[in-house]
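# Secondary and tertiary structure notes
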Amino acid sequence: MKEYIYSISDIEMGRGDITDDFSDDQAVAEFLEKIITDHAAEQPSPKITLVLNGDIFDFLKMEYKGELPYLITEDISLWKLEEVFKTHPGVFKAMKKFLDAHSHTNIHFVIGNHDSDIAWPSLQERIKQELGNQDRVTFDYWYKNGPVHAEHGHLQDPVFMHRTHRPIITHKKKKILNLPWGAYVCFTELVDFKKKYPKEEQYFPHEQATKANRKNKQYEKDGKKMLFGAATKLLVKRITNPGNPNYRVPYIAVMKHIAKHGFEFVDDHKLIESRIKKITQTYPDKQIILLGHAHLFNKVRHGDQTILITDTWRDEFDLTKNGAKKPKTYARVALENGTIQSADIHTFQK
Ligand SMILES: [Mn+2]
C-alpha cells in the first residue's frame, strides 16, 4: 500500500494584531488542494497524512484581553483559539476540505513551543469540531510512523524544552499550562519588544539582520535591556515564588548549552547541527526525521539517517535575496508497504 506524509511547520497563526506574523491563508489553502490533486489519479487511493509539525498556532505572542498573563488557564487558551479561528478562517476551511476529500486523509498536529496550549483536551476537541468532528485528526508531541519520526524541534532547545509527560499542572488550586522558561521570557519581555520593533526579527540571516539593526542604537539598547530584564526577573521570581513551576529553569541543560555554544541561544543556523546530533542519538533507528522550529530549510544526511527541516510559513524576509519574502517549504515522504520510497524538502509553488 502506498502512503504519503506531508509536513509543514511554524505557520504561527495569531489574532491579526501587530504580533501576528502570518498573512498567507491562501497559500495554505492552495497547498492542501495541490496535495489532493497530485494524488487524485492514483488507484487505489493512497493514505495521506498531513503533519502540522508544531507552532501552527501562535498562542505565545498573543495578548489575552489586552494583557499578557503567563499563568495560562484552559479558559485563556480556549479564548486564544477562537481568536485564531476568527482571524484565519480560510486555513481551517482548507483543512476541513482536505479531510473531506476522501476517507484516507489525516491531519496530525504536533505540539510546538508556540502552541503548548493544544495540550488541553478541550482545545483538541474544539479543533476537531472546527474541522468537522473528524476522527482522522490527532494530536501529540510527536508523529511516529514506522521509519519516520516527526517532532517540532523545541525539545532539543534548552529555552523551550517542554515537560511532555506533565503538560498541565495545578498551581494555587488552578490548572495551568506547565510552560518552559522561554515562554515566561516571551510573556514578560519579548512581546513588548516585538510590538515596538515588529519587523526587525522577521529578517534573516540573523547575523546580517543584527548588523543592520545595530545601526539603530535604540534597538540595540532596548534589546540588551530586554534580555537583562528577563534574566533578573526570572532569577528574582525563582527565589520569591519557589512554588511556581513556571519560573523553573533547566539549569543543567542551560549550563551544558553555555559550555558548548556560549550565550548563543537564538541563532538556529548555529545551533541546528548540535540539535540534529541530539535527535539522531535519541532516535537512532529512524530513517527519516522531520523537524521545524529553526525557521530554515535543509536536508541533512547523518549516517544512514535523513533529517528534513521545514521553514516557517509566516512572513519572513531573506536579506541575501534583497529582502524577498521567504518561500514556503514542505517535506514529502513516500512509503510503500512501510518502506521509504522517497523523502525530500520542496518549495511550494502554486
Ligand atoms: Mn518553535
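Everything below is about the structure printed above this text.
Residues numbered from 1 in each chain as written. Predicted model: local features only at pLDDT ≥ 70, side-chain atom pairs only at ≥ 80, totals over all residues. Heavy atoms only, no water.

Moving on to the overall build of the chain. The helix and strand inventory of the chain stands at nine helices and 16 strands. A globule of 350 residues ought to have a C-alpha radius of gyration of about 20 Å, and the chain, at 20 Å, matches this closely. Its C-alpha atoms put the chain at 60 × 45 × 40 Å along the principal axes. When burial is assessed residue by residue, the chain has 54% of its 350 residues classed as buried. About 16300 Å² of surface is accessible on the chain, with carbon and sulfur atoms providing 54% of the total. Across the chain, the centroid of the 52 positively charged side chains sits 5 Å from that of the 48 negatively charged ones. (Helix = DSSP H or I, 4+ residues; strand = E, 2+ residues; numbered from the N terminus. Rg over C-alpha atoms; globule rule 2.2 N^0.38 Å. Buried < 20%, exposed > 50% of the residue type's maximum accessible area, 1.4 Å probe, protein only. Areas by Shrake-Rupley, 256 points an atom, 1.4 Å probe, with all protein chains shown as cover. Lys, Arg positive; Asp, Glu negative; His and termini not counted. Charge placed at Lys NZ, Arg CZ, Asp CG, Glu CD.)

Residues lying three or four places apart along an α-helix face the same way, a consequence of the helix completing one turn every 3.6 residues. Its 24 residues give helix H7 (residues 217–240) an end-to-end C-alpha distance of 34 Å, which sits within 8% of 34 Å, the value for a rise of 1.5 Å per residue. For H7, every residue scored as buried is listed here: Tyr-219, Asp-222, Gly-223, Met-226, Gly-229, Ala-230 and Leu-234. (Expected span 1.5 Å × (residues − 1).)

In spatial order, the strands read E4-E3-E2-E1-E15-E16; together these six strands make up an open sheet with mixed pairing. In the strand order of this sheet, the two ends are held by strand E4 (137–140) and strand E16 (339–347), each with one partner. Across the sheet, the mean angle from the axis of one strand to that of its neighbour is 20°, orientation sign disregarded. Relative to E16, strand E15 (residues 329–336) runs antiparallel, the two being bridged by eight bridges. (Pairing = 2+ DSSP bridges. Axes fitted to C-alpha atoms, helices over the stretch in contact; angles between N-to-C directions.)

Take it as geometry only, folks, not as evidence of what the structure does.
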